[in-house]
Amino acid sequence: MDFWFPLSITFIISLVAIKVINPIAVKTGLVDFPCDRKIHKGNIPLVGGIAIYLAVLITSMLFIEHSRNLNIYLVASALVLFLGTLDDRYQLSVKIRLVAQVLVASLVIFGTEIYLHSLGYILGWFELKLAGFGIVLTVIAIIAGINAINMMDGMDGLVGLLSVVAFTALAFLLSRVTNAWYLLPFLFIAALLGYLIFNLKLHSSVTKIFMGDSGNMLIGLTLVWLMVIGIELDAPALRPVTALYIIAVPLMDMATVIMRRVKSGVSPFQADRQHLHHIFEAAGYSHRFSLIVISSGASILVLLGCLAEVYAVAEWIMLVSFLLFFMCYSAITKQVWKKLTKI
């Protein structure tokens, strides 16, 4: 009862927040307009991220033990939410977004004094310690996580389901060790379920909404930060290499698309329709089929990562396996995209 009560409250607040914020978003122009890259009907409110944050903020302050580190995270997440909302409304430049993301990452790192100190035994025979470079690498990881989630947001329900999968893994891993953070991923799952009801229009009485960059950035920051927390606990909840499996699909998709863009001589941040969900769409698969296949693939990789963590599989084996998965993913999507562009 103690466990389900905060989750129920989070779910309800998420639903209520969406209902309340929707008309405000429409009046203020916080909506997504159809264009050549965004094929949808009408102007869709970009309120998912704001509703999720409000739900998690209220319940975390009520049910999670107060601490300086939690307060700093909540402030940092509010800032990244604000940045994403500005981007949703005014289409900020890449430089402004990156600078702001670096500042937010620096705030949470220097404020909590928590960052990656080691990459573990990924080379097999010795621990790869990072020393001062750990701060830089943690900033890079946060920025990569934020943008990996953001780049996957091109199909209804996709970011929501992938996030639920990732937060479920973190909830499981963090709950295996004694710490005050394990409830946060559960709260995000509850809030995301409320969002998905609207985003996927699972009931005839609801109107469609989108996550928006605000939600994508919030989720990216939170996922990476929870992984860093889990790695740096006195009794670690996961090893650094396991983090790759938790956000495997967004990470592999981002890396593949960026490499493809650079090879083509365009900016790695130039938007296009070459992501994994776009490939499924171009191949003629239905939205439901694409959503099930991509989410199932992500779930399998997350499950493999969690099992490897539980059974203490050697870190170098996990790294080599992930790199093999990535090479297969990159090769397959490259060949499929070539065939589709020739049709």
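Everything below is about the structure printed above this text.
Nothing here was measured: the structure is a model prediction, and the numbers come from that model.

Draft legend 1. Molecular detail of the overall build of the protein. Scanning the protein for helices and strands turns up 13 helices and two strands. A compact globule built from 343 residues should have a C-alpha radius of gyration of about 20 Å, and the protein, at 19 Å, falls within 12% of that. Across its three principal directions, the C-alpha atoms of the protein cover 55 × 55 × 40 Å. Pairs at least 24 residues apart make up 74% of the contacts formed inside the protein by residues separated by at least 6 positions. For the protein, the accessible area works out to roughly 16,000 Å², and carbon and sulfur atoms hold 69% of it. Each charge sign in the protein was given a centre, from 23 positive and 18 negative side chains, and these centres are 11 Å apart.

Draft legend 2. Region of the structure containing the nonpolar core. Counting residues in each nonpolar core, the largest one holds 115 residues, and the members touching the most others are Ile-52, Tyr-73, Ile-142, Trp-225 and Ile-246. Contact partners of Ile-142, with chain neighbours within four places excluded, come to Ala-105, Val-108, Ile-109, Leu-221, Val-224 and Trp-225.

Draft legend 3. Layout of the packing of helix α3 (residues 68-90) against helix α8 (residues 212-232). Here α3 crosses α8 at 150°, and the two axes come no closer than 6 Å. Judged on the interaxial angle alone, α8 and α3 are roughly antiparallel. Like other packed secondary-structure pairs, α3 and α8 cross with a definite hand, here right-handed. On α8, the residues touching Tyr-73, Ala-76, Ser-77, Val-80, Leu-81, Leu-83, Gly-84, Thr-85, Asp-87 and Asp-88 of α3 are Gly-212, Asp-213, Ser-214, Met-217, Leu-218, Leu-221, Thr-222 and Trp-225.

Draft legend 4. Local environment of empty space enclosed by the protein. Applying the stated criterion across every chain yields a total of two cavities of 30 Å³ or more. Estimated volume of the largest cavity: approximately 60 Å³. As for the largest cavity, its lining consists of Ile-149, Leu-162, Ser-163, Val-165, Ala-166, Leu-223, Ile-246, Ile-247, Pro-250, Ala-298 and Val-302. Per-element tally for the lining of the largest cavity: the top contributor is helix α6 (residues 158-175), with four residues. A breakdown of the residues in the lining of the largest cavity according to their chemical character gives ten nonpolar, one polar and no charged. Asp-253, Thr-256, Val-257, Arg-260, Gln-274, His-275, Leu-276, Ile-279, Tyr-329 and Thr-333 are the residues that line the second largest cavity. Those elements giving two or more residues to the lining of the second largest cavity turn out to be α10 (248-263), α11 (276-282) and α13 (315-342). Here the element with the most residues in the lining of the second largest cavity is α10; it accounts for four residues. Of the residues contributing to the lining of the second largest cavity, the split by class is four nonpolar, four polar and two charged.

Draft legend 5. Summary view of a positive patch on the surface. On the surface, Lys-263, Lys-334, Lys-338 and Lys-342 cluster together to form a positively charged patch. Among the elements that make up the positive patch, the one with the highest residue count is α13 (three residues). Mapped onto the elements of the fold, Lys-338 is located in helix α13.

Draft legend 6. Here's a closer look at the packing of aromatic side chains. Tallying each qualifying case throughout the model produces eight aromatic pairs. Centre to centre, the rings of Phe-167 and Phe-188 are 4.8 Å apart; their planes meet at 15°, and the pair counts as stacked. Separated by 21 residues along the polypeptide, Phe-167 in helix α6 and Phe-188 in helix α7 (residues 183-199) bring together distant segments of the chain. Judged on exposure class, the residue Phe-167 and its partner Phe-188 are both buried. An aromatic cluster of three or more residues is present, and its members are Phe-280, Tyr-285 and Phe-289.

Draft legend 7. Fine view of helix α2 (residues 48-63). Under the 1.5 Å per step criterion, the end-to-end length of α2 is 22 Å for 16 residues, consistent within 8% with the ideal 22 Å. Taken residue by residue, α2 has Gly-48, Gly-49, Ile-50, Ala-51, Ile-52, Tyr-53, Ala-55, Val-56, Leu-57, Thr-59 and Ser-60 as its buried positions. Packed against the buried residues of α2 are α1 (4-28), α3, α7 and α8.

Draft legend 8. Looking closely at the side chain of Asp-253. Summarising the element assignment, Asp-253 is placed in helix α10. At 6.6 Å, Arg-260 is the nearest oppositely charged side chain to Asp-253, a buried residue that forms no salt bridge. Side-chain polar atoms of Asp-253 contact the side chain of His-275, separated by 2.7 Å. Beyond its immediate chain neighbours, meaning those up to four positions away, Asp-253 contacts Met-152, His-275, Leu-276 and Tyr-329.

Draft legend 9. Representation of the pattern of salt bridges. Tallied over the entire structure, the rule returns three salt bridges. With a closest N to O distance of 3.6 Å, Asp-87 and Arg-97 form a salt bridge. Remark: Arg-97 occurs in helix α4 (residues 94-112) and Asp-87 occurs in helix α3; sequence separation between them is ten residues. The burial state of Asp-87 is the same as that of Arg-97; both residues are buried. For Glu-309, the salt bridge goes to Arg-239, with nearest N and O atoms at 3.4 Å. Residue Glu-309 is located in helix α12 (residues 287-310), and its partner Arg-239 is located in the loop between α8 and α9 (240-246); the two are separated by 70 residues in the primary sequence. In this structure, Glu-309 and Arg-239 share a single accessibility class: buried.

Calculation criteria
- Residues numbered from 1 in each chain as written.
- Predicted model: local features only at pLDDT ≥ 70, side-chain atom pairs only at ≥ 80, totals over all residues.
- Heavy atoms only, no water.
- Helix = DSSP H or I, 4+ residues; strand = E, 2+ residues; numbered from the N terminus.
- Rg over C-alpha atoms; globule rule 2.2 N^0.38 Å.
- Contact = heavy atoms within 4.5 Å.
- Areas by Shrake-Rupley, 256 points an atom, 1.4 Å probe, with all protein chains shown as cover.
- Lys, Arg positive; Asp, Glu negative; His and termini not counted.
- Charge placed at Lys NZ, Arg CZ, Asp CG, Glu CD.
- Core = buried A, V, L, I, M, F, W, Y, C linked by side-chain atoms within 4.5 Å.
- Buried < 20%, exposed > 50% of the residue type's maximum accessible area, 1.4 Å probe, protein only.
- Axes fitted to C-alpha atoms, helices over the stretch in contact; angles between N-to-C directions.
- Parallel < 35°, antiparallel > 145°, perpendicular 65-115°, else oblique.
- Left-handed = near helix turned anticlockwise from the far one by under 90°.
- 1 Å grid on protein atoms, 1.4 Å probe; cavity = no way out; pocket = protein on both sides within 12 Å on 5 of 7 lines; lining within 4 Å.
- Points joined across faces, edges and corners; volume = space filled by probe spheres on them.
- Nonpolar A, V, L, I, M, F, W, Y, C, P; charged D, E, K, R; others polar.
- Patch = residues over 30% accessible without salt bridge, like charges linked within 9 Å, V, L, I, M, F, W, Y side chains within 5 Å.
- Salt bridge = Lys/Arg side-chain N within 4 Å of Asp/Glu carboxyl O.
- Phe/Tyr/Trp six-rings, centres within 6.5 Å; stacked < 30°, edge-to-face > 60°.
- Expected span 1.5 Å × (residues − 1).
- Polar contact = N/O pair within 3.5 Å; in protein donor to acceptor, adjacent residues only side chain to side chain.

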